[in-house]
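# Chain and residue survey
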Amino acid sequence: MSGGEIAWIIAAVAFLIIALAIAVIAIRVSGVTKEVKETVAEMNKTLSTVNGELGVLTKEVEGLLAKSNTLLEDVNGKVAAVDPVFTAIGELGESVSDLNQSTRNLTERVAHGAKNGAKATVAARVGAKAFSMLTKKKHQNE
């Protein structure tokens, strides 16, 4: 064999190795492509299901929002109806507080009056005793 034939054999073997490498890579890429294709198909199926359910879910959410608005209006109405009751309770508390203050003032006046009345009673008794002693002395001197 000549040098040219050996070079052709080496080139043919190298070409065969390159062709096999490209074939292996192509097989692997086709496997990955197949998996990607299956994944995309599943995603499309899932998105179709979600889109189908989304309409139903949207209607249910709208219904819930409408019920929530109705409930909120009802609660606001009831709070408005109860508000005067709390106002009346507050006014009643102020009235009770005023009554307590008036009672304290009256109690102080009565206690002060009783104290002055006791002093007046003592003074009257002392004056009566002094008057009786004075009249007794006058009767004895006469």
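Residues numbered from 1 in each chain as written. Predicted model: local features only at pLDDT ≥ 70, side-chain atom pairs only at ≥ 80, totals over all residues. Heavy atoms only, no water.

### Focus: the overall build of the protein chain
Helix and strand content of the protein chain: one helix and zero strands. Computed over its C-alpha atoms, the radius of gyration of the protein chain comes to 57 Å, more than 25% above the 14 Å expected for a compact globule of 142 residues. Over its C-alpha atoms, taken along the principal directions, the protein chain stretches across nearly 190 × 45 × 10 Å. Taken across its 142 residues, the protein chain has 0% of its residues classed as buried. (Helix = DSSP H or I, 4+ residues; strand = E, 2+ residues; numbered from the N terminus. Rg over C-alpha atoms; globule rule 2.2 N^0.38 Å. Buried < 20%, exposed > 50% of the residue type's maximum accessible area, 1.4 Å probe, protein only.)

### Regarding the UniProt feature "transmembrane region" (unreviewed entry) in the protein chain
This chain's UniProt record puts "transmembrane region" (unreviewed entry) on residues 6–27. The span residues 6–27 is 100% helical and 0% strand by assignment, and the distance between its end C-alpha atoms comes to 31 Å. (UniProt positions renumbered as here; feature names shortened; annotations may be inferred.)

### A look at a nonpolar patch on the surface
Among the surface-exposed residues, Met1, Ile6, Ile9, Ile10, Val13 and Ile17 lie close enough to one another that they form a single nonpolar patch of about 620 Å² accessible area. Along the chain, Ile10 falls in helix α1 (residues 3–141). Classification of Ile10 as exposed rests on a relative accessible area of 55%. (Patch = residues over 30% accessible without salt bridge, like charges linked within 9 Å, V, L, I, M, F, W, Y side chains within 5 Å. Areas by Shrake-Rupley, 256 points an atom, 1.4 Å probe, with all protein chains shown as cover. Salt bridge = Lys/Arg side-chain N within 4 Å of Asp/Glu carboxyl O.)

### Some points on the environment of Ile6
Note that Ile6 resides in helix α1. Exposure remark for Ile6: the relative accessible area of 41% places this residue in the partly exposed category. Considering only alpha carbons, one finds Ile6 and Lys45, 39 residues apart in sequence, at a separation of 58 Å.

### Some remarks on the pattern of salt bridges
Summed over all chains, the structure comprises one salt bridge. Close ionic contact of Lys78 with Asp74 constitutes a salt bridge, the shortest N to O distance being 3.3 Å. Separated by four residues within a single helix, Lys78 and Asp74 lie in helix α1, roughly one turn from each other. The exposure class assigned to Asp74 is partly exposed, which follows from its relative accessible area of 36%.

### Description of the environment of Phe131
Relative to the helices and strands, Phe131 resides in helix α1. The class for Phe131 is exposed, based on a relative accessible area of 55%. Distance from Phe131 to His112, taken between C-alpha atoms, is 28 Å for residues 19 residues apart in sequence.

### Examining the environment of Val40
For Val40, the location among the structural elements is in helix α1. Taking the relative accessible area as the measure of exposure, Val40 reaches 44% and is therefore partly exposed. Separated by 92 residues in the primary sequence, Val40 and Ser132 place their C-alpha atoms 128 Å from one another.

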